[in-house]
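# Structural characterization, general
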Amino acid sequence: MDFNFKKLANDATGFFNRAKQYTEETFLKAEKTELDANFENLLQRADKTEEHTKRLLSALESYLQPNPTVRMEEVFYEKLELKKEGGRVSNLEHLGQSMTDAGNEFGSGTPYGNALLKVANAEFKLGTCEREFINSSAANTLQPIRRFLEGDMRTIQKERKILNSKRLDLDACKNRLKKAKSLEMQASSHANVGLTIEQAEADLRVAQTEFDKQVEITKLLLEGIQTAHNNQLKCIRDFVEAQMSFFAMAHQHMADLQRELSGTSDSL
């Protein structure tokens, strides 16, 4: 219990010192430890990667499921498993069913009814192609991109916050040491001044070590952004291949339908 109380007290002290340091930096222009240019570039690349990846993911989701209500009413990635049994009927399938009902009503022996049934069959085929395209894109493009945002990117942001806390702790220690040395100059006869400086120097060494360690941890994660770019490049290639296959199959189905309908009109 004592240990927990001490930890709570230390956490509260650390929070107060960071808040004080941040306030002095913001309003009093206090000095702060700067990160090197290469590290800053890595941070900027991570920010741009997160921003554009979120926008890309949102655009892909909207393309694969244009209806915002459908995207929100269920978990989108579960919804993309568009099983025909009990699943949501797509617009193409709905169109095909309407044409089937009308064709059966007018009769397959009539030119109009026969044409409606042929178009309906093509629309069902297009619906199947669309379903396969959506499922492929969800598995090979959307899900890996979302996992990156919810996994690696979230870890990076968490470690960046820790780094900022360590940096505030470090600068707070630097300021305390500076003030202790200033007091020494003003009152060198005080016996406890040397002890205060010694403690401030020890605190600074610990803070510097923890800061340097956190810099390395964060840097390793930031350098992993390049791997993420490579992985997402593969995701985009998979998406293009799936889209190309979808349009090729759709074109073939429509070309076959056009020939069938031409034959029907020629026989009239």
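As the structure is a computational prediction, the values presented were derived from the model and not from experiment.

Moving on, we come to the overall build of the protein. Looking only at helices and strands, the protein has 8 helices and 0 strands in total. Helices and strands in the protein line up, N terminus first, as α-α-α-α-α-α-α-α. Taking all 268 residues of the protein together, the buried fraction comes to 33%. For the protein, the exposed surface amounts to about 17300 Å²; the carbon and sulfur share of it is 56%.

Applying the stated criterion across every chain, the model contains 6 aromatic pairs. Both rings, one in Phe133 and one in Phe246, keep their centres 5.2 Å apart while their planes meet at 5°; by these two values the pair is stacked. Of the two residues, Phe133 is situated in helix α6 (residues 111-186) and Phe246 in helix α8 (residues 225-266); the sequence distance between them amounts to 113 residues. Taking the relative accessible area as the measure of exposure, Phe133 reaches 6% and is therefore buried. The exposure class of Phe246 is buried, given its relative accessible area of 13%. Among the aromatic residues, those joined into a ring-pair cluster are Tyr63, Phe133, Phe239, Phe246 and Phe247.

One pass over the full model with this rule turns up 10 salt bridges. Between Glu210 and Lys166 there is a salt bridge whose closest N-O contact spans 3.2 Å. Residue Glu210 is located in helix α7 (residues 193-223), and its partner Lys166 is located in helix α6; the two are separated by 44 residues in the primary sequence. Glu210 sits in the partly exposed class, given a relative accessible area of 35%. Put simply, Asp171 and Arg167 hold a salt bridge, and the shortest N to O gap is 2.8 Å. Pair noted here: Asp171 and Arg167 are both in helix α6, with a separation of 4 residues, about one helical turn. Looking at Asp171, the relative accessible area reads 3%, which means it is buried. When salt bridges that share partners are traced, they join Glu61, Arg146 and Glu150 into one network.

Spanning 16 residues, helix α5 (residues 91-106) covers 23 Å between terminal C-alpha atoms, matching the ideal 22 Å at 1.5 Å per step. Among the residues making up α5, those that are buried are Glu93, Gly96, Met99, Thr100 and Gly103. Around the axis of α5, the buried residues are gathered within 125° of arc, so they sit on the same side. Residues of α5 that are exposed and point more than 90 degrees away from the buried face comprise Asn91, His94 and Glu105. Backbone geometry just downstream of α5 places Gly107 in the positive-phi region, at approximately 100°.

Right, let's talk about the environment of Asn231 for a bit. On the secondary structure map, Asn231 appears in helix α8. The exposure class assigned to Asn231 is partly exposed, which follows from its relative accessible area of 48%. Along the chain, Asn231 and Ile145 lie 86 residues apart, while their C-alpha atoms are 8.7 Å from each other.

Here is a general trend for soluble globular proteins: nonpolar side chains tend to be buried in one another's company. Within the largest apolar cluster, 33 residues are counted, with the highest numbers of intra-cluster contacts made by Phe39, Phe133, Phe148, Met153, Leu222 and Ile225. Looking at this core, the elements with two or more residues in it are α2 (37-64), α6, α7 and α8. At 14 residues, the largest contribution of residues to this core is made by α6. Once residues lying within four places of it in the same chain are set aside, the contact partners of Phe148 are Thr49, Thr53, Met153, Ile225, Ala228 and Gln232. The next biggest cluster of nonpolar side chains, apart from the first, holds 6 residues, and it includes Met99, Leu116, Val119 and Ala122.

Among the secondary structure elements, Met249 is positioned in helix α8. Linking Met249 and Cys129, residues 120 residues apart in sequence, is a C-alpha distance of 7.1 Å.

An ideal rise of 1.5 Å per residue puts 40 Å on 28 residues; α2 measures up with 40 Å between its terminal C-alpha atoms. Turning to α2, its buried residues are Phe39, Leu42, Leu43, Ala46, Thr49, Glu50, Thr53, Leu57, Leu60, Glu61 and Leu64. Between the side-chain oxygen at the start of α2 and the backbone nitrogen of Asn38 there is a gap of 3.1 Å, and the oxygen is on Asp36.

The next point concerns the confidence of the model for the protein. Regions with low pLDDT carry predicted coordinates that are not meant to be interpreted in detail. Scored by pLDDT, the protein has a mean of 84; 76% of the residues are at 70 or more. Taken element by element, the predicted model of the protein shows its lowest mean pLDDT in helix α4 (residues 76-79) (52) and its highest in α2 (96). Per-residue pLDDT stays below 50 along residues 82-86; that stretch engages in 6 contacts with residues further than four places along the chain or on separate chains.

What counts and what doesn't
- Residues numbered from 1 in each chain as written.
- Predicted model: local features only at pLDDT ≥ 70, side-chain atom pairs only at ≥ 80, totals over all residues.
- Heavy atoms only, no water.
- Helix = DSSP H or I, 4+ residues; strand = E, 2+ residues; numbered from the N terminus.
- Buried < 20%, exposed > 50% of the residue type's maximum accessible area, 1.4 Å probe, protein only.
- Areas by Shrake-Rupley, 256 points an atom, 1.4 Å probe, with all protein chains shown as cover.
- Phe/Tyr/Trp six-rings, centres within 6.5 Å; stacked < 30°, edge-to-face > 60°.
- Salt bridge = Lys/Arg side-chain N within 4 Å of Asp/Glu carboxyl O.
- Expected span 1.5 Å × (residues − 1).
- Arc of directions from axis to C-beta.
- Core = buried A, V, L, I, M, F, W, Y, C linked by side-chain atoms within 4.5 Å.
- Contact = heavy atoms within 4.5 Å.
- Polar contact = N/O pair within 3.5 Å; in protein donor to acceptor, adjacent residues only side chain to side chain.
- pLDDT = per-residue confidence, 0-100.

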